[in-house]
Amino acid sequence: AQSVTQPDIHITVSEGASLELRCNYSYGATPYLFWYVQSPGQGLQLLLKYFSGDTLVQGIKGFEAEFKRSQSSFNLRKPSVHWSDAAEYFCAARGGYQKVTFGTGTKLQVIP
Amino acid sequence: NAGVTQTPKFQVLKTGQSMTLQCAQDMNHNSMYWYRQDPGMGLRLIYYSASEGTTDKGEVPNGYNVSRLNKREFSLRLESAAPSQTSVYFCASSAGGRTDTQYFGPGTRLTVL
């Protein structure tokens, strides 16, 4: 069955530190991949997406993600975290014209 | 350009009451979706509409009905609310096609007592 796994339920980082959020997918073929961010009480905002081509994808708010086919991963990174990045982050995948599957989310806490 | 809008933002119901959640998009998107979000479970698809005039069940359709009123609007109805339907509901829309990307509304927080 198709699935998206975010192994970390909760991550705490210090402001200014680097960040990596993990995402692994299980699909028959390489799916289309997405990262969304959800601030408290808000809807989901698209950070970035990967369809094909360059495996390092740049997104909004200084985020980037790297697609690694050999590891079935699409990890989200940011070089220096700001307090405003505290939110919940969702990885999602879609195979072809199929429906989107979401991971269960990673909550990011940023400490001063 | 408001994107995807949802009303109401908050709602409290008693068990057995009915209500309709409204969703509208102004991006001329073909496809629209209803999800529910529960702690630790991510987003689960309730119903979707691939195009105007069509609707299909998603992962958790029981207890819900939908109407694709026109290209802009997609409503979700709870005929007889149950405490298990306490959740945050999100509407999303997308243009469709191979590079389809979903855009989300702000959500409706529903509590059923």
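Anyway, here's the lowdown on the structure attached to this text.

What counts and how
- The residue count restarts for each chain, going from 1 along the sequence in the order it is written.
- Here every chain gets a letter starting at A, and every ligand a number starting at 1, in the order they are written.
- Note on the predicted model: pLDDT of at least 70 is required for a residue's local features to be given, and 80 or more for side-chain atom pairs to be given and counted; whole-chain, interface and lining totals, by contrast, use all residues.
- Note that water and hydrogens are dropped before the side-chain values are worked out from all heavy atoms of the structure.
- Pairs were defined over the aromatic rings of Phe, Tyr and Trp, the Trp ring being its six-membered one, requiring ring centres within 6.5 Å. Orientation was assigned from the angle between planes: stacked under 30 degrees, edge-to-face over 60, tilted for the rest.
- Numbering of helices and strands runs from the N terminus, with a helix taken as a DSSP run of H or I at least four residues long and a strand as a DSSP run of E at least two residues long.
- Within this document, salt bridges are pairs made up of a side-chain nitrogen of Lys or Arg and a carboxyl oxygen of Asp or Glu, the two lying within 4 Å of each other.
- Summary of the burial criterion: residues with accessible area below 20% of their type's maximum are buried, those above 50% are exposed, and those between are partly exposed, where the area comes from a 1.4 Å probe applied to protein chains only.
- Paired strands, as defined in this entry, are two strands with at least two bridges between them according to DSSP.
- Nonpolar cores were defined as sets of buried Ala, Val, Leu, Ile, Met, Phe, Trp, Tyr and Cys residues, with membership established by side-chain atoms within 4.5 Å.
- Throughout, a residue-residue contact means that at least one pair of heavy atoms, one from each residue, lies within 4.5 Å.
- By buried area we mean how much accessible surface two parts lose on assembly, using a 1.4 Å probe and totalling the loss over both.
- Here the nonpolar group is Ala, Val, Leu, Ile, Met, Phe, Trp, Tyr, Cys and Pro; Asp, Glu, Lys and Arg are the charged ones; every other residue, Gly included, is treated as polar.
- Definition of a polar contact: a pair of N or O atoms within 3.5 Å, with one able to donate and the other able to accept a hydrogen when the atoms are protein atoms, and with sequence-neighbouring residues admitted only if both atoms are side-chain atoms.

### Focus on the packing of aromatic side chains
(1) Moving on: Counted under the stated rule, the structure contains 15 aromatic pairs over all chains.
(2) Moving on: Ring geometry for Tyr50(A) against Phe67(A): centres 4.7 Å apart, planes inclined by 20°, an arrangement best described as stacked. Here Phe67(A) lies in strand S8 (residues 64-68) and Tyr50(A) lies in strand S6 (residues 44-50), a separation of 17 residues in the sequence.
(3) Moving on: A network of ring pairs unites the aromatic residues Tyr32(A), Phe34(A), Tyr36(A), Phe51(A), Phe102(A), Tyr33(B), Tyr35(B), Tyr48(B) and Phe104(B) as a single cluster.

### Re the pattern of salt bridges
(1) Moving on: Overall, the coordinates contain seven salt bridges over all chains when judged by the stated rule.
(2) Moving on: Between Arg77(A) and Glu64(A) there is a salt bridge; the shortest N-O distance is 3.2 Å. Remark: Glu64(A) occurs in strand S8 and Arg77(A) occurs in strand S9 (residues 73-78); sequence separation between them is 13 residues.
(3) Moving on: Judged by relative accessible area, which is 23%, Arg77(A) ranks as partly exposed.
(4) Moving on: The salt bridge involving Asp38(B) is made with Arg36(B); its shortest N-O contact spans 2.9 Å.

### Some points on the pairing of strand S4 (residues 31-37) of chain B
Consecutive side chains along a regular strand alternate between the two faces of the sheet.
Residue and element names in this part refer to chain B.
(1) Moving on: Buried residues dominate S4, accounting for seven of its seven residues.
(2) Moving on: Burial of S4 is two-sided: the residues Ser31, Tyr33, Tyr35 and Gln37 facing one way and the residues Met32, Trp34 and Arg36 facing the other way are all buried.
(3) Moving on: Pairing of S4 with strand S9 (residues 87-94), which is carried by seven bridges, proceeds in the antiparallel orientation. Note on S9: the bridge partner recorded for Ser31 is Ser94.

### Examining the nonpolar core
In globular proteins that are soluble, nonpolar side chains generally tend to be buried together.
Residue and element names in this part refer to chain A.
(1) Moving on: Leu19, Trp35, Leu47, Leu48, Phe74, Leu76 and Tyr89 are the most contacted members of the largest nonpolar core, which has 27 residues in total.
(2) Moving on: Taken together, the elements giving at least two residues each to this core come down to strand S2 (10-14), strand S3 (19-21), strand S5 (32-38), S6, S8, S9, strand S10 (87-94) and strand S12 (106-111).
(3) Moving on: Filtering out sequence-adjacent residues up to four positions away, Leu76 remains in contact with Leu19, Glu20, Leu21, Trp35, Leu47, Leu48, Phe63, Glu64, Ala65 and Tyr89.

### Re the interface of chain A and chain B
(1) Moving on: The interface of chain A with chain B comprises 19 residues on the first partner and 19 residues on the second.
(2) Moving on: Carbon and sulfur atoms make up 57% of the area that chain A and chain B hide from each other, which totals about 1600 Å².
(3) Moving on: Across the contact surface, chain A and chain B share zero salt bridges.
(4) Moving on: Of all elements in the fold, only S5, S6, S10 and strand S11 (100-102) of chain A reach the threshold of two or more residues within the side of chain A that touches chain B.
(5) Moving on: Among the elements that make up the side of chain A that touches chain B, the one with the highest residue count is S5(A) (four residues).
(6) Moving on: Here the residues of the side of chain A that touches chain B sort into ten nonpolar, six polar and three charged.

### Side note on the side chain of Arg36(B)
Residue and element names in this part refer to chain B.
(1) Moving on: Among the structural elements, Arg36 can be located in strand S4.
(2) Moving on: Given the relative accessible area of 9%, Arg36 is considered buried.
(3) Moving on: Within the structure, the side chain of Arg36 is placed 2.9 Å from the side chain of Tyr64, a separation counted as a polar contact.
(4) Moving on: At 2.8 Å, the side chain of Arg36 and the backbone oxygen of Ser84 are in polar contact.

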